[in-house]
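Chains, contacts and geometry: an overview
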Amino acid sequence: MTPSASRWSARDIPDQRGRVAVVTGADSGLGYVVASELARHGARVVLACRRARRGREAVARLVGEVPGADVETRRLDLGDLASVREFAAPIDRLDLLVNNAGGPARPYGTTADGFGTRMGVHHLGPFALTGLLLPTLLAAPPGARVVTVSSMVHLAGNLDLHALDGERGQRRRTAHGRSLSADLLFTHTLARRLRATGSDVVAAAAHPGRAPVGPVTRLLARSAEAGALPVLHAATAPDVAPDSFTGPSFARWRGGPAPARRAPWTRDDRAGDLLWAESARLTGVTYPELKGADPQG
C-alpha cells in the first residue's frame, strides 16, 4: 500500500465504468455507502439484501442521490443456503464481490440450515456465495476482486475448527470474534489457492473501524461514510495486494486506509485448509475451479 493511502478518499476511486459489482448487506450503513460510491464512479451494482422491501427502498434512495446510477436489488439471505444458490445462479458477469456480513454481534440463534447464526451469516454464507460466483469472477477481465469485511473483534476469538456449525455455550463476543477470524482465514486461503492456480483475481479483506455503540465510544466511532473507505480502497485501489487487510490508519479506529493488525491464526495455512474443507462439507460448495490448489485433493 502506498504511503499516500492514509490520505485516500472516495474521490480517489478509479473509474468503475464497465465493471459489475455485488455488495451484500447493501440496504443500509456500510454496505449502502460502498454500493453508492461504486455506482457514483460508474459501476453497475447489485444490492444484495435480505429484505426485499428495504432493498427496493435503498435503490430508490441511491438513484435519487446518484442520478443515472445503474443499480438493482436482489434478495439474498446469507443465513439460508437455498437463498444463496438462488441469488448466485443467474449472475453471468461479475468483477467485484463485496462480502459485507461482518456487522454487529448477533444474539445466539440458528440459520435456516441449522448453523449458529454468527458463523452461518458471517462465514459459511459468504463462503458458499463466493464459491458459487467464482467461475464468473474467474471469467472477468483482469482486476476482479473478492473483498470480505471483517473487524478488529476477530482478535477476541481464535477458531474452533471442530465446531463451526454450533455456538451454544460460547460467550457472545467470543463467538462473534471466531466468525470474523473465519472471514480473515478464508481470505488468506482463497488468496493462496487463487495464486497457486495462476489466477489474477485478488482476495482481500478490510474492516471499517469502530461503529457507534454508545455515548462512551462515540468519540472514537466512525460514520458509515468513513468506515466504508477501507472497504472501497480494498475494492478499487490499484495497489491492493492479495490477502491484505485494510483498516483505518489511526489507532485502528480512525483515519484513511492503512494496513491493519491481524491475529497470527488468520494466516495459518494448515488451519486455513481445515477451515476450507469443513466449510465445503457443511455448505456443499466445493470450489472445483481451485481443486488443483487443494492439498486434500
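Now for a quick tour of the structure. (Residues numbered from 1 in each chain as written. Predicted model: local features only at pLDDT ≥ 70, side-chain atom pairs only at ≥ 80, totals over all residues. Heavy atoms only, no water.)

Concerning helix 7 (residues 269-283)
What counts, and what does not: Helix and strand definitions here come from DSSP, where helices need a minimum of 4 consecutive H or I residues and strands a minimum of 2 consecutive E residues; each element is numbered from the N-terminal end. Helices are assigned an expected span. That span is 1.5 Å times one less than the residue count. Whether a residue is buried, partly exposed or exposed follows from its accessible area with a 1.4 Å probe, protein chains only, as a fraction of its type maximum: under 20%, in between, or over 50%, in that order. Counting of polar contacts relies on pairs of N or O atoms within 3.5 Å, with two restrictions inside protein: one atom must be capable of donating a hydrogen and the other of accepting it, and residues adjacent in sequence are counted only when both atoms are side-chain atoms.
With 15 residues, helix 7 should cover 21 Å at 1.5 Å per step; its first-to-last C-alpha distance of 21 Å lies within 8% of that length. Among the residues making up helix 7, those that are buried are Ala271, Gly272, Asp273, Leu275, Trp276, Glu278, Ser279, Ala280, Leu282 and Thr283. Looking at where helix 7 begins, the residue whose side-chain oxygen comes 3.0 Å from the main-chain nitrogen of arginine 270 is aspartate 268. Positioned one or two residues after helix 7, glycine 284 has a phi angle of 80°, which is positive.

Structural notes on the nonpolar core
The criterion, for reference: Only buried residues count toward a nonpolar core. Its members are Ala, Val, Leu, Ile, Met, Phe, Trp, Tyr and Cys residues joined through side-chain atoms within 4.5 Å. What makes two residues a contact is simply this: any of their non-hydrogen atoms within 4.5 Å.
One finds Val22, Phe87, Leu94, Leu97, Leu129, Leu190 and Tyr287 to be the most contacted residues of the largest nonpolar core, which totals 44 residues. For this core, the elements supplying multiple residues, two or more each, are strand 1 (20-24), strand 2 (44-49), helix 3 (81-88), helix 4 (117-138), helix 5 (172-196) and helix 7. At 9 residues, the largest contribution of residues to this core is made by helix 4. If we ignore the near neighbours within four places in the chain, the residues touching valine 22 are Val46, Ala48, Phe87, Ile91, Leu94, Leu96, Leu97 and Val98.

Some thoughts on the packing of aromatic side chains
The cut-off we apply is this: Pairing of aromatic rings covers Phe, Tyr and the six-membered ring of Trp, with a centre-to-centre limit of 6.5 Å; geometry is then stacked below 30 degrees between planes, edge-to-face above 60, and tilted otherwise. Two conditions define a charge located above a ring, namely a distance within 6 Å from the ring centre to NZ of Lys or CZ of Arg, and an angle within 35 degrees of the ring normal.
The full count for this structure, using the stated rule, is 5 aromatic pairs. Taking the centre distance of 5.6 Å and the plane angle of 65° together, the rings of phenylalanine 127 and phenylalanine 186 count as edge-to-face. On the criterion of sequence distance, the pair formed by phenylalanine 127 in helix 4 and phenylalanine 186 in helix 5 is long-range, its members being 59 residues apart. Residue phenylalanine 127 is classed as buried on the basis of its relative accessible area of 1%. Following the ring pairs from residue to residue traces out a cluster consisting of Phe127, Phe186, Trp276 and Tyr287. Positioned over the ring face of tyrosine 32 is arginine 61, at 4.0 Å from the centre of the ring. Stacked on the ring of phenylalanine 87, the Lys or Arg arginine 74 has its end atom at 4.7 Å from the ring centre.

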